[in-house]
Structures are given as structure tokens and as C-alpha cells.
Amino acid sequence: MKEYTFHYGHGTKTFALDEKRVLGEIEMPETPVMENVEQGVLDAINHPIGCKPLAELVKPGDTVTFVCNDPTRVANSFAFMPVLVDELNKLGVPDENMQIVFSLGTHRLMTREEMAEGVGAAVAGRLKMYNSDCNVAEDFEYFGTTGRFTPVLINKRICHSDHVILTGTIVHHYFSGYGGGRKAVLPGCAAMETVRHNHSFMMDPRSGLGKTTGNPVYEDQMEGVRLWADAMQKRGCNVFLFNAILDAEHRFLRMFAGDYVAAHHEACKFVDAVYGVKIRQKADVVIVSCGGYPKDINVYQMQKTMDNSVLACRQGGVVILLAECEEGSGSKVLEETCRRLKTADAIEAELGKRFVIGANKAYAVTRLTKKAHFILVTGLDKQLARDMLFTDAVSSVEEALQEAEQFVGKDYSVILMPTGSLTVPLYDGEE
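For clarity, every value in this text was computed on a predicted model and none was experimentally measured.

**Q** So what's going on with the overall build of the chain? Which residues, and what values?
**A** Looking only at helices and strands, the chain features 14 helices and 20 strands. Since a compact globule built from 431 residues should have a radius of gyration of about 22 Å, the 22 Å found for the chain is in line with a globular shape. Overall, the chain is about 70 × 50 × 40 Å in size when its C-alpha atoms are taken along their principal axes. Out of the 431 residues in the chain, the part that is buried amounts to 59%.

Put into C-alpha cells, the structure is as follows:
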């Protein structure tokens, strides 16, 4: 027997397992960690991809809007934002000419304390900070309609500065291909109707993890952001990207800056190299952790780990998912949809007729239960978990393994995924 320790919420869970059962442990390949974060930021903005260095774009007295991630996404903004702000000061931009808009998409509003924690107390004390609230119609400006009829409504606060700097980190995304890049604007700073219409394309089979070309969600986002960015350029506004890639311990691996399309494209190649892991065989049981807080803050965020882990599990197998979910499901609409419709097929059918944000997450979660049995090691209420079509909710991996035997027998194989929100199993063989 061997002991394994996986991240769980703000702490860990330890369990023992017969090593003979383990087919493999899916971890990121060894990649050098950035030793000097400040220098990494400066190197990225001074040697950008697809555009001039920031120092050649910014003039003294210019105005700058930063777009930063909300708490559901690990960005380490507190590490790079002080460097960016100080550098802009050196270029002649005073603190009063800078502001931060948090790209919430359709997520809940951030508190002042969460904002300060996100970007660091020093920056929070110097710059004005705002939430992008998708539900306040008067906060948004219209930039036209995409070819897929998505109305492009973008928060006014990112529309009237000399420079907009889109920040964040990049991971694979289960239906829009990749995070980062254009997502800071759409869905990050978009109105509810914009997000709702764009996200409705997640039901198209061409959407998916790591897909860009032909992916209707990604292509619609890119077109929408291009309409906004072209309008910004005509107003004399420069859009600049700063995205980073982190390892499982939230350490910086690489930073990419420059043109929001070209720099993001190069960054995604790196994401594929460090997060994609080839496997030779699928397992009867996958034991997976989201990687702890905030990746397991609620079911809404946990679902992304479900998509990754099911790729390593045989059809009809079991995924044991460690996710504390301190904020519960993360969506009352998700809960209500599951309780009312009761089956994955019924949820898919209703969503196909009328796409609703929140209900889309019910579809995203429950569609995966048709591929594998999900047993949660979690703080979630057991009945709530079952309402969302999870097989069960228990407090330990040992309990989950015992329950898994009724589906896979006693002689089962296991794949371990300690950082399931990041790593993507790549399997080319037959089931």
C-alpha cells in the first residue's frame, strides 16, 4: 500500500492504495519554474508578440484600464500587477489615470476585500477598482452583432481609455478551447445576453476542449472581441495582452504579452505542451483532485475537472473526485434545473430549446454522468449531490473506493490525477 496526498479545498486529503492497481499518475511534465517574476513580466512586455513593446505604445499622461480575473480563476494577479503598475508610472502614467475592471462574466460580484486579495493590497490602495456586472444594462456599450447573431455588448469601463491591458492565465477550457486572451472581454466584460447567446454554442459538437478552428464558441468570441477591438483602435485605444501559464502549485512557468490574438495563439501552444499528458490505457477508476481552492470552490468550477478526468476513465467506470465545494453548487439555477428535470437527456432537450446561463452548467455536469459514475469526496450536501446526478457524496476516498466496487468489481485499475483542473489526458487507442 502507498499513501497519496491530494489538494482539497484549502487543505489536503490523504489515502492509501495498492500500487499494483495504479496504471499511472497524470502529472504535468517537469517544466522550469520562473525564478524572477518581476523580470519575467518586464521581459514579456518589452519583447511582446505581434506588436510594439509597451514602452513604445504608452505616452506620458495616457489612461490605462487593466482587466483582471475574478477569484474563481487562479491568476496570481497580486504578483504581476505591482510590476505593471510601477512600470506604467515610469512611463509617465500616474495612478489616478489607471483603473482595474474585474472580468466576472456571469459570476457573482467581488467584495472589496476579494479585489484587494486578487491584485495585492498595495495596488488596491492606489487604483480605482470595479466589478463588471453583466446584469446592469446601462453599463454596456453596443459594438454590433457577430455573424452568429451574438449582440456584442461590452462594459463601458473598458471602452474609453488610451490602453486596455487584458491580464490573466491560460488553461484548456471545456467548450471554448482555451481560457485567457479574448475571454477577458467576452465573456469576462460582456453583458448577460452576449454571454448567453455565445455560450449557447457549447451544445454544438464542434465545440470542445483545446479546439479553436471550427469551434463556434471560440470563433464567435473572437469575432465579437474583434468588433470591439477594431472600434477601440479607431478611437485611438490600444489593446494589449498579458497572459501567464502556471504550474500545479500556482508558480509561473511562462508569460506571454503583445497582440491579443498572436500572443494568445503562441501561449496556447505552450499550454498544450505542459498540460496535455498522453496515456496508454483508460482505467476502471480515476481518482482526481481539482487541485484545491479555488478550483474546487463550487460545482460550477469543479465541472472543468470532470471534463478532464473522464478522458482517462473507461465508459461506465468511476471517477472519484475530490472537491470541497465550500460555496456549494455555485448556482441556484443549476440546482433548480437538475431537481426539476431529473435526467441528463431532459436537461439537454430543454436547453436546446431555450438556452439559460446556469442551466448550461447543469447540462455540462450531467452529460458527463452518462460516461462515468461520479462519486464526490466533498463537503456538499449528499442529497444536493444526488439531485445533480452525482452517484454519491462521501467524506473520504476510502468510502468512495468501497462504493466504486459495485460498478467496477474488486479487481479494478486506477489512474491518479492530482491536478485534474489542469492536466488533460490524451488517449489515441480504442476503448
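Once the structure has been displayed, the description carries forward.
**Q** Requested: an account of the nonpolar core, with residues and values cited.
**A** The biggest cluster of nonpolar side chains holds 72 residues, and the ones touching the most others in it are Ile158, Trp228, Met302 and Phe390. With six residues, the top contributor of residues to this core is helix H7 (residues 216-234). Excluding its chain neighbours within four sequence positions, the residues that come into contact with Ile158 are Thr65, Val67, Val101, Val164, Val185, Cys189, Trp228 and Met232. Counting 38 residues, the second largest nonpolar core, distinct from the first, contains Val85, Leu88, Val119 and Met129.

**Q** Could you give an account of the environment of Asp139, with specific residues and numbers?
**A** For Asp139, the position within the fold is in the loop between strand E6 (128-131) and strand E7 (140-145). Taking the C-alpha atoms as reference points, Asp139 and Asn46, 93 residues apart in sequence, are found 33 Å from one another. Once you skip the residues sitting within four places of it in the chain, Asp139 turns out to touch Ile154, Asn155 and Lys156.

**Q** Which residues make up the pairing of E7, and what values go with them?
**A** Alignment of E7 against strand E8 (residues 151-155), held across four bridges, turns out to be antiparallel. Residue pairing across strands places Phe140 opposite Asn155, the latter belonging to E8. Hairpin connection of E7 to E8: five residues between the antiparallel strands, including Phe149 at a positive phi of 70°.

**Q** Now, about unusual backbone geometry: what can you tell me, with residues and values included?
**A** The linkage connecting Leu186 with the following residue, Pro187, adopts the cis geometry, with an omega of 20°. Tracing the backbone through its elements, the reader meets Pro187 in the loop between strand E11 (177-178) and helix H6 (192-199). Backbone torsion omega between Tyr293 and Pro294 reads 0°, so that peptide bond is classified as cis. Counting through the fold element by element, Pro294 comes out in the loop between strand E15 (283-289) and helix H9 (299-309). At Lys342, a position not held by glycine, the phi torsion is positive, near 70°. Looking at the element boundaries, Lys342 is found in the loop between helix H10 (332-341) and helix H11 (344-353). At Leu389, a position not held by glycine, the phi torsion is positive, near 75°. Secondary-structure assignment places Leu389 in the loop between helix H13 (382-387) and strand E18 (392-394).

**Q** Can you explain the packing of aromatic side chains? Please cite residues and give values.
**A** The tally for this structure, following the rule as stated, stands at five aromatic pairs. Relative to Phe15, the ring of Phe6 lies with its centre 5.2 Å away and its plane at 90°, an arrangement referred to as edge-to-face. Taking relative accessible area as the criterion, Phe6 reaches 2% and is therefore assigned buried. For the ring pair Phe256 and Phe270, a centre distance of 6.1 Å and an interplane angle of 50° mean the geometry is tilted. Taken together, the residues span a long stretch of sequence, with Phe256 in strand E13 (residues 252-258) and Phe270 in helix H8 (residues 262-275) at a distance of 14 residues. Just as Phe256 is buried, Phe270 falls in that class too. One aromatic cluster is present, built from ring pairs that chain together Tyr4, Phe6 and Phe15. For the cation-ring pair, Lys13 lies above Tyr8, with the distance from its terminal atom to the ring centre recorded as 4.9 Å. Positioned above the aromatic ring of Tyr130, the side-chain terminus of Arg157 is 3.6 Å from the ring centre.

Reading the values: the criteria
- Residues numbered from 1 in each chain as written.
- Predicted model: local features only at pLDDT ≥ 70, side-chain atom pairs only at ≥ 80, totals over all residues.
- Heavy atoms only, no water.
- Helix = DSSP H or I, 4+ residues; strand = E, 2+ residues; numbered from the N terminus.
- Rg over C-alpha atoms; globule rule 2.2 N^0.38 Å.
- Buried < 20%, exposed > 50% of the residue type's maximum accessible area, 1.4 Å probe, protein only.
- Core = buried A, V, L, I, M, F, W, Y, C linked by side-chain atoms within 4.5 Å.
- Contact = heavy atoms within 4.5 Å.
- Pairing = 2+ DSSP bridges.
- Phe/Tyr/Trp six-rings, centres within 6.5 Å; stacked < 30°, edge-to-face > 60°.
- Lys NZ or Arg CZ within 6 Å of the ring centre and 35° of its normal.

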